[in-house]
Amino acid sequence: MSRRLLIATHNPGKVAEYRSLLFDLPLGVTWLDEVGITEDVEETEDSFQGNAILKARHYAGLTGLWTWADDSGLEIDALDGRPGVYSARYGGKGLTDADRYRKVLAEMIDVPDAQRTARFRCVVAIAQPGGKVDTRDGTLEGVIAREPKGSHGFGYDPIFYIPGFHATLAELERGVKNEMSHRAEAAARAREMLAVMLSEAEGGEE
Ligand code: ITT
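Reference entry: report on the structure contained in this document. Predicted model only: the values in this text are computed from it and were never measured.

### Here we look at the pairing of strand S3 (residues 66–76)
Among the 11 residues of S3, 10 are classified as buried, and the element is accordingly described as predominantly covered. Relative to S3, strand S1 (residues 4–7) runs parallel, the two sharing 3 bridges. In the strand pairing of S3, leucine 5 is matched with tryptophan 66. The pairing of S3 with strand S4 (residues 117–127) spans 10 bridges and is classified as antiparallel. Among the inter-strand pairings, threonine 67 is bridged to a residue of S4, identified as alanine 127.

### Regarding the packing of aromatic side chains
In this structure the tally under the stated criterion is 2 aromatic pairs. Both rings, one in phenylalanine 120 and one in phenylalanine 160, keep their centres 4.5 Å apart while their planes meet at 45 degrees; by these two values the pair is tilted. Taken together, the residues phenylalanine 120 in strand S4 and phenylalanine 160 in strand S6 (residues 160–162) connect sequence positions 40 residues apart. The residues phenylalanine 120 and phenylalanine 160 share a single accessibility class, namely buried. Directly above the aromatic system of tyrosine 90 lies the positively charged group of lysine 103, at a separation of 5.1 Å from the ring centroid.

### Quick look at unusual backbone geometry
Cis rather than trans, the peptide bond between arginine 82 and proline 83 has omega equal to -5 degrees. Residue position: proline 83 is located in the loop between S3 and helix H3 (97–107). Its identity is not glycine, yet aspartate 80 carries a phi of approximately 55 degrees, on the positive side.

Rules and cut-offs
- Residues numbered from 1 in each chain as written.
- Predicted model: local features only at pLDDT ≥ 70, side-chain atom pairs only at ≥ 80, totals over all residues.
- Heavy atoms only, no water.
- Buried < 20%, exposed > 50% of the residue type's maximum accessible area, 1.4 Å probe, protein only.
- Helix = DSSP H or I, 4+ residues; strand = E, 2+ residues; numbered from the N terminus.
- Pairing = 2+ DSSP bridges.
- Phe/Tyr/Trp six-rings, centres within 6.5 Å; stacked < 30°, edge-to-face > 60°.
- Lys NZ or Arg CZ within 6 Å of the ring centre and 35° of its normal.

What follows is the structure, encoded as C-alpha cells:
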C-alpha cells in the first residue's frame, strides 16, 4: 500500500472514530502526532467549510499526504448563529466547556422555548497533495435546554436537547451519539467522496 491518509487533528478520540469508519479503504490511516507534527493551524476563516479546507490544504502541503480535516461547532438561531466557528473559544481563552455553555445559557435566559432552536454542524475537507480539495457536511438539529444535564460527551453536549430522544446529548451513550451526530453524518459522506477521489486519482495515473 503506497498511499496514506493523514487525519489532521491532535485529538486521539477523533482519530479512533475516523479509523473505524475508514478501515476498509485501500489506504493506511495516520494522524498528526504519529507523523511528528505538533503545530496547529490558526482557524482564520469565517465558515466551517473555510476552516476545514484551510487545515486540509495546509497539512497536505506540509506532508505530501492525502489529508482529512474537519471543523465543527454549534449554531444557535436566537443568537444569530453564535457561537458558530468560535465554539471552541467562545468567551475567550482560559474558559472551561462548562464556562462556555453557562455563558450561552445566560445569553438565552429570556428566549422562549419555541425560539431555542439550534444545530451542530461539521464539515470534513479532503485535500490531495496536488491541491485538489472537496468537502462534505453533516448537521444535528436540537434545542438549547434551560439547564445542563448529563455527563457524557464534551463541549456543549449538556445543553443540547434532542426532542426525539427526550434527552440532552450528554445524557446519551457515546455509541448512540456517534451513530447520529453531525460528525458521523459528515464523515459517512466524506468517506464516499474519498473513495471516488481515490479511484479518479488511480485512473489519472494510468
Ligand atoms: P481539533 O481542531 O484539534 O480537531 P477542536 O476542539 O477544535 O479539535 P472541533 O473543531 O471539532 O474540535 O470543535 C469545535 C468546538 O465546537 C468544540 O470545542 C465544541 O465546543 C463544539 N463542538 C463540536 N462538536 C461538538 C459535539 O459533538 N458536542 C459538543 N460540542 C461540540
